Amino acid sequence: MNNRILGYIRVSTREQNIERQLIALQEAGVKRKNIYVDKQSGKDFERPAYMKMMSIIRENDLLIIKSIDRLGRNYQEIMEQWRVIIKEKNADIRILDMPLLDTTKTKDLLGTFISDIVLQLLSFVAENERENIRRRQAEGIAAAKARGIRFGKPMIPIPAEFPELYKKWEAGHMSVYEFARLCNMGKSTMYTRIKEYRECIDKKINGNT
């Protein structure tokens, strides 16, 4: 039975282009039919294409990946998957962007030792960058909120006739659906505006007493 050359590609979203990784794998000798593609986050390995590939990979197969962060972004899980592929599956891995991470060339003790160190370092860097991105995003959101920038859907303004319509609704002269329609908003948004309006009225009453 011939040994196979498999390829794995991952991008974080469906909008991202796989072309760069695809070209690199094909130039490395991977046939298109043997390339598995996932379009989702690398935070874990619960990915359809990856799991399918792992279910068929066998001894002496070669798995080629463009860069270590395409395999994943979780340091511990990258190490575990690497171990499963080369120790349990008895297959080889080649990371194109890092020639030292090529188990076909590091079968001796020193070569294995060096590749293990490089793998640990790169895996740590990949996860650390992921944590830094998350931290920068959180800091950016906090800074934007401090400047008064709102996130999420823009608030639908209430019409000038809202107080009059509210009185009619409260008196039972119209349904909440009609109330919402006249204010050009959905039912759930209407209940939110009613709650806010009542709180506003309560504050005015309490402020005058």
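No experiment lies behind these values; they were computed from the predicted model shown.

Examining the environment of Ile114
So, step 1. Positionally, Ile114 belongs in helix H5 (residues 109-146).
So, step 2. Separated by 13 residues in sequence, Ile114 and Leu101 have C-alpha atoms that sit 8.8 Å apart.

Regarding the sheet that holds strand E3 (residues 62-65)
So, step 1. Taking strand neighbours across the sheet as the criterion, the 4 strands line up as E2-E1-E3-E4 in an open arrangement whose pairing is parallel. This sheet does not close on itself; its edge strands, each paired only once, are strand E2 (35-39) and strand E4 (92-95). The mean angle between the axes of side-by-side strands here comes to 20°, regardless of whether they run parallel or antiparallel.
So, step 2. Sheet topology places E3 next to E4; 4 bridges connect them, and they run parallel. Bridged to Leu62 within E4 is Asp92.

Focus: the nonpolar core
So, step 1. Ranked by size, the top nonpolar core spans 24 residues in total, and within it Tyr50, Met53, Leu63, Trp82 and Ile85 carry the most contacts.
So, step 2. Where this core is concerned, the elements lending two or more residues are strand E1 (5-11), helix H2 (48-56), E3, helix H3 (68-71), helix H4 (75-88), E4 and H5.
So, step 3. In terms of residue count, H4 provides more of this core than any other element does, 5 residues in total.
So, step 4. Setting aside residues no more than four positions away along its own chain, Met53 makes contact with Leu6, Gly7, Tyr8, Tyr36 and Leu63.

Cut-offs applied
- Residues numbered from 1 in each chain as written.
- Predicted model: local features only at pLDDT ≥ 70, side-chain atom pairs only at ≥ 80, totals over all residues.
- Heavy atoms only, no water.
- Helix = DSSP H or I, 4+ residues; strand = E, 2+ residues; numbered from the N terminus.
- Pairing = 2+ DSSP bridges.
- Axes fitted to C-alpha atoms, helices over the stretch in contact; angles between N-to-C directions.
- Core = buried A, V, L, I, M, F, W, Y, C linked by side-chain atoms within 4.5 Å.
- Buried < 20%, exposed > 50% of the residue type's maximum accessible area, 1.4 Å probe, protein only.
- Contact = heavy atoms within 4.5 Å.

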